[in-house]
Amino acid sequence: MEGMVVNGAFWHGRRVLVTGHTGFKGGWLCTWLQSLGAHVAGYALPPSSEPSYYRTARVEEGVRSYIADIADLATVRRAFGDENPEIVFHLAAQPLVRESYNDPIGTYRTNVIGTANVLEAVRTTESVRVVVVITTDKCYENREWCWGYREDDVLGGFDPYSSSKACAELVTSAYRRSFFSSSHGEPRIGIATARAGNVIGGGDWAIDRLVPDIVKAAISNQSVRVRNPESVRPWQHVLEPLSGYLMLAERIWSDPISFSGAWNFGPHDSDARTVGYIVEHFAKYWPGVRTELARDPSSVHEARYLKLDISKVRAALGWVPRWTVAEAIEKTVEWYRGWHIGTEDMRSASLRQISAYAAR
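Thresholds, definitions, all that
Residue indices follow the written sequence of each chain, beginning from 1 at its first position. Totals for whole chains, interfaces and linings use every residue, but because this is a predicted model, local features are given only for residues with pLDDT of at least 70 and side-chain atom pairs only at 80 or more, for both listing and counting. Side-chain numbers come from the whole structure's heavy atoms, not from hydrogens or water. Each helix corresponds to a stretch of at least 4 residues labelled H or I by DSSP, and each strand to a stretch of at least 2 residues labelled E; elements are numbered beginning at the N terminus. For the radius of gyration, the atoms used are the C-alpha atoms, and the globule rule reads 2.2 Å times the number of residues raised to 0.38. Throughout this description, buried means an accessible area under 20% of the type-specific maximum (1.4 Å probe, protein chains only), exposed means over 50%, and partly exposed covers the range between. Per-residue accessibility takes into account occlusion by the displayed protein chains alone, with areas from the Shrake-Rupley method and a 1.4 Å probe. Any two residues whose heavy atoms approach within 4.5 Å are treated as being in contact. Within 3.5 Å is the distance limit for a polar contact, defined as a pair of N or O atoms, with the added protein rule that one can donate a hydrogen and the other accept it, and that residues adjacent in sequence qualify only through two side-chain atoms. For two strands to pair, DSSP has to find at least two bridges joining them. The term nonpolar core refers to a set of buried residues drawn from Ala, Val, Leu, Ile, Met, Phe, Trp, Tyr and Cys, joined through side-chain atoms within 4.5 Å. Lines are fitted to the C-alpha atoms to define the axes, a helix being fitted only along its stretch in contact, and any angle between axes, read from their N-to-C directions, falls within 0 to 180 degrees. Geometric relationships in this document are graded by angle, where less than 35 degrees denotes roughly parallel, more than 145 denotes roughly antiparallel, 65 to 115 denotes roughly perpendicular, and other angles denote oblique. Each crossing gets its handedness from the near helix: less than a right angle anticlockwise from the far helix is left-handed, clockwise is right-handed. In the scheme used here, Gly and all other residues not listed as nonpolar or charged are polar, with Ala, Val, Leu, Ile, Met, Phe, Trp, Tyr, Cys and Pro taken as nonpolar and Asp, Glu, Lys and Arg as charged. Ring pairs are drawn from Phe, Tyr and Trp, using the six-membered ring of Trp, whenever the two centres fall within 6.5 Å, and their geometry is named by plane angle: stacked under 30 degrees, edge-to-face over 60, tilted for the rest. The criterion is that NZ of a Lys, or CZ of an Arg, lies within 6 Å of the ring centre and within 35 degrees of the ring normal, and then a charge sits over that ring.

(A) Here's a closer look at the overall build of the chain. What the chain contains, in helices and strands, is 14 helices and 12 strands. Since a compact globule built from 360 residues should have a radius of gyration of about 21 Å, the 19 Å found for the chain is in line with a globular shape. With the principal axes as the frame, the chain shows a C-alpha extent of 60 × 45 × 40 Å. For the chain, with 360 residues in total, the buried portion stands at 57%. When the accessible area of the chain is evaluated, it comes to approximately 14,600 Å², of which 50% is carbon and sulfur surface.

Written as structure tokens, this is what we have:
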């Protein structure tokens, strides 16, 4: 079973709603779904950066778009009523740890109330059969241990972002048990949560993220300011978890009881690498990248060690990572350099990378 792939025929003509479609991961997901022939609608705030993957890769050209706040229940319901989606991917979020210290209330509002709003809209939309709620690898109570967290490990979160995503997991579980469980008869809807590692890839321009910081520094001939070069994270190309989300949705469609619940999507254990490794390998493909240590004794808390156990998804779903972290870095640099030089159509470049990934 291991090594199964996304079933393109399944997605052709499907009505799919992606929240957070103007973001980095949401934009790539929409690009992939469009290439498979799905009818895609999106719900999100405007892109949070300029440039953005959403505009650079022209995602907006193929999506029926609702630009609105996920915390506005009436507007969320209206979008669901207009679109009658069959499958929902919920990615809309405040996604940054350090920003959550600056705006904890806004972070909880978006990540917790926003998730509840989506599930409440699902509850009254007869067309929906599958929901995949995207949370994070940081939803676990991080004990800085050397092995990967499993789906049944304790949820927690030191900072407001991580905590808010643990809360989103609990909200999703409560809705699943209260309204969509088999105790109410055969469930009409299957609902899963997906906990992915640290994703990298072309088109991420978020503030205070490692790869966008490297790209900005390389373009401006500046040094990259690195806070914690020894910190270990489960790095993976953005297409890795997205392939998992698509495969998971396919399986939930046919078996909502067995495939609802929580799922980790991360790299092979050997690809959980340090921040320093990422910078060093980025420089191999983009010569001239320089680093500058930027430790701040008064800086907010950030976990130093985090890995995911992907045994469950390998055994039950047949999903495995296809690109090593070194290949992920190479593909990421390829995308950004094409954009920077200005000779590439970035939608075409993105579709080529999706095709290359699928062929692997």
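(B) Summary view of the environment of Trp263. Secondary-structure assignment places Trp263 in strand β10 (residues 261-265). Linking Trp263 and Ala194, residues 69 residues apart in sequence, is a C-alpha distance of 5.0 Å. Here Trp263 is in contact with Glu151, Ala192, Thr193, Ala194, Arg195, Leu248, Ser258, Lys312, Val313, Ala316 and Leu317, once residues within four sequence places are set aside. Within the local environment of Trp263, its side chain forms a polar contact with the backbone oxygen of Phe259, the two atoms lying 3.1 Å apart.

(C) Structural detail: the pairing of strand β5 (residues 130-134). In terms of residue burial, β5 counts as a mostly covered element, since 5 of its 5 residues are buried. The alternating pattern of β5 places Val130, Val132 and Ile134 on one face and Val131 and Val133 on the opposite face, and all of these are buried. When β5 meets strand β6 (residues 190-196), the two strands line up parallel, connected through 5 bridges. Across the sheet, Val132 pairs through a bridge with Ala192, a residue of β6.

(D) Spotlight on the nonpolar core. Ranked by internal contacts, the top residues of the largest apolar core, which has 74 residues, are Trp11, Leu33 and Phe89. Per-element accounting of this core gives the leading share, 9 residues, to helix α9 (residues 239-254). Here Phe89 is in contact with Trp11, Val16, Leu17, Val18, Thr19, Leu29, Leu33, Val132, Tyr245, Leu246 and Ala249, once residues within four sequence places are set aside. With 25 residues, the next largest nonpolar core counts Ile70, Ala79, Ala92 and Ile191 among its residues.

(E) Structural detail: the packing of helix α4 (residues 73-83) against helix α6 (residues 104-123). In contact at an axis separation of 9 Å, α4 and α6 are set at 40° when each is read in the N-to-C sense. What the angle tells us is that α4 and α6 run oblique. As α4 packs across α6, the resulting crossing turns out to be right-handed. Across the interface between the two elements, Leu73, Val76, Arg77 and Phe80 of α4 pack against Asn117, Val118, Glu120, Ala121 and Val122 of α6. Among the residues making up the contact of α4 with α6, the classes are represented as 6 nonpolar, 1 polar and 2 charged.

(F) How the structure looks around the packing of aromatic side chains. Evaluated as defined, the whole model comprises 18 aromatic pairs. Ring plane angle 70° and centroid distance 6.4 Å describe the contact between Phe179 and Phe180, whose orientation is recorded as edge-to-face. Judged by its relative accessible area of 36%, Phe179 is partly exposed. The exposure class of Phe180 is buried, given its relative accessible area of 8%. Ring geometry for Phe282 and Trp286: centres 6.3 Å apart, planes at 15°, overall stacked. Trp286 carries the same exposure label as Phe282, and that label is buried. By the ring-pair criterion, three or more aromatic residues cluster together here, those being Trp28, Tyr53, Trp205, Trp335, Tyr336 and Trp339. Directly above the aromatic system of Trp253 lies the positively charged group of Arg14, at a separation of 4.1 Å from the ring centroid.

(G) Region of the structure containing the sheet that holds strand β4 (residues 87-90). Taken in spatial order, the 7 strands line up as β3-β2-β1-β4-β5-β6-β10 in an open sheet, and their pairing is parallel. Of all strands in the sheet, those bounded by a partner on one side alone are β3 (64-67) and β10. Strand-to-strand twist in this sheet, taken as the mean axis angle between neighbours without regard to direction, amounts to 20°. Relative to β3, strand β2 (residues 39-44) runs parallel, the two being bridged by 4 bridges. Bridged to Ala41 within β3 is Arg64. Docked against the sheet, α9 engages β4, β5, β6 and β10, running at close to 150° with respect to β5.

(H) A look at the pairing of β6. Within β6, 7 of the 7 residues are buried, which leaves the element mostly enclosed by the surrounding structure. By the alternation rule, side chains of β6 split into Gly190, Ala192, Ala194 and Ala196 and Ile191, Thr193 and Arg195, which are all buried. Of the pairings in the sheet, the one linking β6 to β10 comprises 5 bridges and is parallel in character. Bridging across to β10, Ala196 finds its partner in Phe265.

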